[in-house]
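Examining the three-dimensional arrangement
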Amino acid sequence: MQKVFNNKMAIFLFVFPGILLFALTFLVPIVLSAYYSFRDTLSPGTPSAFIGFANYTELLFHDSRFWLALRNAVLLGLGFILIQHPIAIFFAIMLDRLGGKAEKWFRTIFFIPCVISVVVISKMWLSLLDPTFGAFNKMLDSLGLGFLKHAWLGDGSTALVSMLFILIWAGFGWGLLFYYAGLKGIPDDMYEAASLDGASGFRLHWRITVPLLSPVITVQITLAMITALKQMETVFLTTNGGPGDSTQFLAVYLYNKAFSASQYGYANAISILFIIVCLLATYLSNKLTRSDATEF
Amino acid sequence: MTKSTKTILWVFFLIVALVQLFPLIWLVDFSFLSSNEFYSSSVLKWPSDPQWQNYINAWVDGKFLRYFINSAFVTSVTILLTVILSLTLGYAFTRMQWKLRSVFFTIILLGIMIPIHATLLPNFAIFKALGLTNSYLGLILPYTAVSVPLGTFILTGFMRSIPRAMEESAVVDGANIYRIVFQIIAPLTAPALVTVIVTTFLNCWNEFIMASTFLSKDALKTLPFSVMNFAGQYSSDYGSQFAVMVLTSIPAIVIYAIFNEQITKGVTAGAVKG
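Residues numbered from 1 in each chain as written. Chains lettered and ligands numbered in written order. Predicted model: local features only at pLDDT ≥ 70, side-chain atom pairs only at ≥ 80, totals over all residues. Heavy atoms only, no water.

Focus: the overall build of chain A
Secondary structure summary: chain A contains 14 helices and 0 strands in total. When the helices and strands of chain A are listed from N to C terminus, the series reads α-α-α-α-α-α-α-α-α-α-α-α-α-α. The principal-axis extent of the C-alpha atoms belonging to chain A is close to 75 × 75 × 35 Å. Among the 296 residues that make up chain A, the fraction classed as buried is 55%. (Helix = DSSP H or I, 4+ residues; strand = E, 2+ residues; numbered from the N terminus. Buried < 20%, exposed > 50% of the residue type's maximum accessible area, 1.4 Å probe, protein only.)

Dropping the structure here:
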């Protein structure tokens, strides 16, 4: 037995291809990125000079867009955690109580947006929220709320909220499915015991279901924060950070810096800080939510 | 739960489902309209004269078939590689005895947290130097690299719950390590493998930003580009734009309809064990 599990050749064959691929697409690029971040490169392959930490000091102390992008990510993450996730938990509980064929059907329907490509989702919502022919404004009109009509993504004051709305719509199915899966792991006798003690309805779920779901909630909160930080495609394909940076996110910012503004070195400095922020956020949210969970 | 509460719940869910699906219903509805009908005041409009021409435009000028074949090829190879690599890595991390095991495991897991967008710029330079841009491999390699960390994470969680007895008796019967992994462990991890396959499929099939950075050759482009190309060429023909969006969404929805049950089971298994 030991001999089989110590088989050095097998270990090498099992691990090496994966590690090699990982190194090629993650580690080498990060090292290269760090190298570029200390230079004033305009685009890859062009001559450049070493400029020390200039890119970083510019980013951290003089670039308000960088901080704006981070703030937007935090707001988006809070939006996910405070709006999307409670709704998902609520629907998961209701769905679990529904039972039978209907449960299966609704579960299937709610997940449909999750299989649609981000390009279609972005272009579709761009049309839905279009000020001239979009269905959203027409609906407001037919409800007699015409005065609310708006260029939802075209106005800096509503663009980020609209973005949150689109992303909640697109990601709701995943949240629901994870919480639903978590609920299926709670044994029925827990509920029976609690209802014998006189708990029912909302109280039952608040006292029993939510605490028992806390491991799932912990993971989901961390994932929500990471999703918000990594936000790129939907923004890139709808507002591209605008209007006036109101929906600016780190990934969009660095992409435009590299490929539109020809500031490749600077963009790589954003990349490096971006990675650090993501790792830090994972670490912090793990630490915070873990200590929370022990209360139960 | 009484019958009446159940009915109320049912009606409530029906309304929510309709609200949630409304954008898609609207998309399909308007894909059959001509562009000047877009400006009427009605929210939904019965297509009295369905514009099939929109779909012909989408099929022909959206290069649907070409891009579909590219997507199918890239996604299948990526799934195959991801499954093999995640399975062997997962096994090496949970069962095999070696020194740097936990170090490498942590490194691989970092891949879940590191944003691909941050590695996009240097990867573009590296792939260009290696001649990988504008090739299938230029998509398959990064797609696999992005999928393997999550796949390994899901599989290690699942493998830890598999009792060792099966492997022990296989060793007694004289099976070597490769047979154990591919003929005994692989079938046992089937539910988790389904989760890996499904998440990999959804991520790669719909991926856009890497494809648009690494590819410029038209013959290699994947399905999301049908929609992108259309926005320029048919920028004022909304009906055709909507038709191409509907058309490119159909494959993933069909796959979902077929594997719906396994997806839920896979995620359930993953969520409970992970």
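Re the overall build of chain B
For chain B, the count of helices and strands is 12 helices and 0 strands. At 23 Å, chain B has a C-alpha radius of gyration far larger than the 19 Å of a compact globule built from 274 residues. Projected onto the principal axes, the alpha-carbon positions of chain B cover approximately 75 × 65 × 30 Å. Of all 274 residues assigned to chain B, the portion counted as buried reaches 55%. Counted over contacts in chain B with a minimum sequence separation of 6, partners at least 24 positions apart contribute 73%. Summed over all atoms, the accessible surface of chain B reaches about 11800 Å², with 69% contributed by carbon and sulfur. Of note, chain B has its 16 positive side-chain charges centred 13 Å away from the centre of its 11 negative side-chain charges. (Rg over C-alpha atoms; globule rule 2.2 N^0.38 Å. Contact = heavy atoms within 4.5 Å. Areas by Shrake-Rupley, 256 points an atom, 1.4 Å probe, with all protein chains shown as cover. Lys, Arg positive; Asp, Glu negative; His and termini not counted. Charge placed at Lys NZ, Arg CZ, Asp CG, Glu CD.)

Looking at the environment of alanine 54 of chain A
All names here are of chain A. With respect to the helices, strands and loops of the structure, alanine 54 is situated in helix H3 (residues 54–62). Take alanine 54: its relative accessible area is 36%, and that puts it in the partly exposed class. Sequence-wise, alanine 54 and proline 215 are 161 residues apart; in three dimensions their C-alpha atoms are separated by 43 Å.

Re the interface of chain B and chain A
At the junction of the two partners, chain B supplies 95 residues and chain A supplies 89 residues. Both faces combined, the contact of chain B with chain A buries some 8400 Å², and carbon together with sulfur accounts for 81% of it. Considering only the side of chain B, the residues that lose the most area to chain A are Phe13, Gln20 and Leu121 of chain B, jointly responsible for 9% of the buried surface there. Taken together, the links from chain B to chain A amount to 1 salt bridge. Linking arginine 107 of chain A and glutamate 261 of chain B is a salt bridge whose minimum nitrogen-to-oxygen distance equals 3.4 Å. At the boundary of chain B with chain A, the tally comes to 15 residue pairs in polar contact (both at pLDDT 80 or more). (Buried area = accessible area lost by both parts, 1.4 Å probe. Salt bridge = Lys/Arg side-chain N within 4 Å of Asp/Glu carboxyl O. Polar contact = N/O pair within 3.5 Å; in protein donor to acceptor, adjacent residues only side chain to side chain.)

With respect to the UniProt feature "transmembrane region" (unreviewed entry) in chain B
Residues and elements named next belong to chain B. Residues annotated by UniProt as "transmembrane region" (unreviewed entry) correspond here to residues 7–28, 67–91, 103–127, 139–159, 180–202 and 238–259. Strand forms 0% of residues 139–159 and helix 100%; the C-alpha atoms that close the span are 29 Å apart. Across residues 238–259, the secondary structure splits into 100% helix and 0% strand, with the terminal C-alpha atoms separated by 32 Å. (UniProt positions renumbered as here; feature names shortened; annotations may be inferred.)

Things to note about helix H5 (residues 116–130) of chain B
The largest bend in H5 of chain B amounts to roughly 40° and is located at proline 122 of chain B. Most of H5 of chain B sits out of view: 12 of its 15 residues are buried. (Bend = angle between axes of the 7 residues up to and from the residue.)

Focus: H3 of chain A
All names here are of chain A. Taken as a whole, H3 has its buried residues at Asn55, Tyr56 and Leu59. The buried residues of H3 occupy one face: seen down the axis, they fall within an arc of 95°. Away from its buried face by more than 90 degrees, H3 exposes Phe61 and His62. (Arc of directions from axis to C-beta.)

Focus on the UniProt feature "transmembrane region" (unreviewed entry) in chain A
The UniProt feature table records "transmembrane region" (unreviewed entry) at residues 12–38, 73–93, 105–126, 159–183, 204–229 and 264–284 of chain A. A helix fraction of 96% and a strand fraction of 0% characterise residues 204–229 of chain A, whose end C-alpha atoms lie 35 Å from each other.

Considerations on unusual backbone geometry
Glycine aside, the phi torsion of most residues is negative, and most peptide linkages are trans. All names here are of chain A. Phi at aspartate 245 takes a positive value of approximately 65°, unusual for a residue other than glycine. Its location among the elements puts aspartate 245 in the loop between helix H12 (233–238) and helix H13 (250–259). The exposure class assigned to aspartate 245 is buried, which follows from its relative accessible area of 16%.

Notes on the environment of histidine 205 of chain A
Residues and elements named next belong to chain A. Along the chain, the position of histidine 205 falls in helix H10 (residues 201–212). Classification of histidine 205 as buried rests on a relative accessible area of 13%. In this structure, the C-alpha to C-alpha distance between histidine 205 and lysine 101, residues 104 residues apart in sequence, is 23 Å. Apart from residues no more than four positions distant in its own chain, histidine 205 is found in contact with Ile93, Arg97, Tyr191, Val210 and Pro211.

Observations regarding the nonpolar core
Phe106 of chain A together with Tyr91 and Met96 of chain B are the most contacted members of the largest nonpolar core, which has 189 residues in total. Those residues in contact with tyrosine 91 of chain B that sit more than four places away from it in its chain are Phe5 and Phe14 of chain A together with Met96, Met159, Glu167, Ile177, Ile180, Val181 and Ile185 of chain B. (Core = buried A, V, L, I, M, F, W, Y, C linked by side-chain atoms within 4.5 Å.)

Looking at the side chain of arginine 107 of chain A
Tracing the sequence through the fold places arginine 107 of chain A in helix H5 (residues 100–111). A distance of 3.4 Å separates polar atoms of two side chains, one belonging to arginine 107 of chain A and the other to glutamate 261 of chain B. The residues touching arginine 107 of chain A, leaving out its near neighbours within four places in the chain, are Leu95, Leu177 and Tyr180 of chain A together with Tyr256, Glu261 and Thr264 of chain B.

With respect to the confidence of the model for chain A
Mean pLDDT over chain A works out to 86, with 97% of the residues at or above the 70 mark. In the predicted structure, residues 292–296 of chain A sits below a pLDDT of 50 and forms 3 contacts with residues beyond four places in sequence or in another chain. (pLDDT = per-residue confidence, 0-100.)

Thoughts on the packing of aromatic side chains
Residues and elements named next belong to chain A. Tallied over the full model, the rule gives 49 aromatic pairs over all chains. Relative to phenylalanine 91, the ring of phenylalanine 90 has its centre 5.5 Å away and its plane inclined at 85°; by these criteria the two rings are edge-to-face. According to the relative accessible area criterion, phenylalanine 90 is partly exposed, its value standing at 38%. Taking relative accessible area as the criterion, phenylalanine 91 reaches 8% and is therefore assigned buried. On the basis of an interplanar angle of 90° and a centroid distance of 5.7 Å, the ring pair of phenylalanine 91 and phenylalanine 172 is categorised as edge-to-face. (Phe/Tyr/Trp six-rings, centres within 6.5 Å; stacked < 30°, edge-to-face > 60°.)

A word on the packing of H5 of chain A against helix H8 (residues 159–184) of chain A
All names here are of chain A. Where H5 contacts H8, the two axes come as close as 8 Å, and the packing angle between them is 145°. Residue-level contacts link Glu103, Arg107, Phe110 and Phe111 of H5 to Phe172, Gly173, Trp174, Leu176, Leu177, Tyr180 and Lys184 of H8. Residue classes in the contact of H5 with H8 are distributed as 7 nonpolar, 1 polar and 3 charged. (Axes fitted to C-alpha atoms, helices over the stretch in contact; angles between N-to-C directions. Nonpolar A, V, L, I, M, F, W, Y, C, P; charged D, E, K, R; others polar.)

As for empty space enclosed by the protein
Enumeration over the complete set of coordinates arrives at 6 cavities of 30 Å³ or more. Forming the walls of the largest cavity are Thr25 and Phe26 of chain A together with Ile116, Thr119, Leu120, Asn123, Pro142, Ala145, Val146, Met210 and Phe214 of chain B. Elements with a contribution of two residues or more to the lining of the largest cavity: helix H2 (8–37) of chain A together with H5, helix H6 (137–159) and helix H10 (209–214) of chain B. Per element, the largest residue contribution to the lining of the largest cavity is 4 residues, and it comes from H5 of chain B. (1 Å grid on protein atoms, 1.4 Å probe; cavity = no way out; pocket = protein on both sides within 12 Å on 5 of 7 lines; lining within 4 Å. Points joined across faces, edges and corners; volume = space filled by probe spheres on them.)

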